[in-house]
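Chain by chain, the residues:
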Amino acid sequence: MKTSADHSRPSPSGSNIPINSWYPPSVLGPASSLPHSSSEVASPSRVPSRTNTSNPGTSSQLQHSHSNVGAVANMFPMLKDKSVEELRKLLSDKEAYRQFLHTFDDVQQLDHLRIDLKKNNLDLARKNLEKESEINQLNNQCMIIRTTELASTQEKFQELHKQEMEVKDRFSISALLNRLQGSINEADEDSENTHRRLLSGELELGEFIQMYKKQRILYHRRTLVHLAAVAPG
């Protein structure tokens, strides 16, 4: 059976934390151990002397409570003017804590920034919605271009690309050298035919000399160009 002395015995560590506090014990710590009522923080001079002598545990508990409140005030200067009951309310009442938190200038500045950001986002979203019809119209135009103009344009592009490749093939280095070699062979064959015509009596000597000279000059000129083209460097 519990006696009155049992009720006055100090509770274990953490028992002074409000039962309905929304802070976890790991956050509160020993610095958040507050007395249960405002009567517990009364001045020692107002406590009957018989209490100090008959129950020293109560006096030590009061001193511990005073030291905890002082520690909280040192850590958080904005709480130094708060009473014990007000501190208990901040620990247990989320709405009271929120209202107290929003009295600070920094928090109010953050609130203003959040409101401005939200307003700017709403304005951007509204502008985007206003352009929805324009976006849909552009999408329709793109679809028409894909199904009609794009097909004919691609066909024309393929034809032009084919012509480009043919021109490149005709005027490539290797193609030009092959054509030059063919013209060399042709000039050589023409000069040989002229010589055979002389031997067969079809040409007079003077006529032969003029024709043969021009054909051989052309042959050697083309040969020199070919040699210059294939020479290294």
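Up top is the structure these notes are about.
Notes on the structure in this doc start here. Remember, it's a predicted structure, so these values are computed and weren't measured experimentally. (Residues numbered from 1 in each chain as written. Predicted model: local features only at pLDDT ≥ 70, side-chain atom pairs only at ≥ 80, totals over all residues. Heavy atoms only, no water.)

**Here we look at the overall build of the protein**
- Counting its regular elements, the protein contains 10 helices and zero strands.
- Secondary structure elements of the protein occur, N-terminal to C-terminal, as α-α-α-α-α-α-α-α-α-α.
- Excluding contacts between residues fewer than 6 apart, the proportion of contacts in the protein whose partners are at least 24 apart in sequence is 57%.
- For the protein, the computed accessible surface area is about 18200 Å², with 57% contributed by carbon and sulfur atoms. (Helix = DSSP H or I, 4+ residues; strand = E, 2+ residues; numbered from the N terminus. Contact = heavy atoms within 4.5 Å. Areas by Shrake-Rupley, 256 points an atom, 1.4 Å probe, with all protein chains shown as cover.)

**Quick word on the environment of E207**
- Mapped onto the secondary structure, E207 falls in helix α10 (residues 205–230).
- Residue E207 is classed as partly exposed on the basis of its relative accessible area, which comes to 40%.
- Here the alpha-carbon distance between E207 and T194, two residues 13 residues apart in the chain, equals 9.8 Å. (Buried < 20%, exposed > 50% of the residue type's maximum accessible area, 1.4 Å probe, protein only.)

**A closer look at the packing of helix α5 (residues 84–92) against helix α6 (residues 94–101)**
- Viewed as axis vectors pointing N to C, α5 and α6 meet at an angle of 105 degrees, and their least axial separation amounts to 5 Å. One element, α5, and the other, α6, form an angle in the roughly perpendicular class. From α5, K89, L90 and S92 reach across to α6, where they touch K94, A96, Y97 and F100.
- A per-class count over the contact of α5 with α6 returns four nonpolar, one polar and two charged. (Axes fitted to C-alpha atoms, helices over the stretch in contact; angles between N-to-C directions. Parallel < 35°, antiparallel > 145°, perpendicular 65-115°, else oblique. Nonpolar A, V, L, I, M, F, W, Y, C, P; charged D, E, K, R; others polar.)

**A closer look at a negative patch on the surface**
- On the surface, E155, E159, E166 and D169 cluster together into a patch of negative charge.
- For E155, the position within the fold is in helix α8 (residues 132–170). (Patch = residues over 30% accessible without salt bridge, like charges linked within 9 Å, V, L, I, M, F, W, Y side chains within 5 Å. Salt bridge = Lys/Arg side-chain N within 4 Å of Asp/Glu carboxyl O. Lys, Arg positive; Asp, Glu negative; His and termini not counted. Charge placed at Lys NZ, Arg CZ, Asp CG, Glu CD.)

**Section: the pattern of salt bridges**
- The tally for this structure, following the rule as stated, stands at seven salt bridges.
- E189 is paired through a salt bridge with R196; the nearest N and O atoms lie 3.4 Å apart.
- Here the salt bridges do not stand alone but share partners, grouping K119, D123 and R126 into one network.

**With respect to a nonpolar patch on the surface**
- A surface patch of nonpolar side chains, about 300 Å² in accessible area, is lined by M75, F76 and M78.
- Inspection of the secondary structure assignment puts M78 in the loop between α4 (56–75) and α5.
- Under the relative-accessibility criterion, M78 is labelled partly exposed at 39%.

**Observations concerning the side chain of D111**
- Positionally, D111 belongs in helix α7 (residues 105–130).
- Buried and unpaired, D111 has R114 as its nearest opposite-charge partner, separated by 4.1 Å.
- Of the polar contacts made by the side chain of D111, one reaches the side chain of H102; its length is 2.5 Å. (Polar contact = N/O pair within 3.5 Å; in protein donor to acceptor, adjacent residues only side chain to side chain.)

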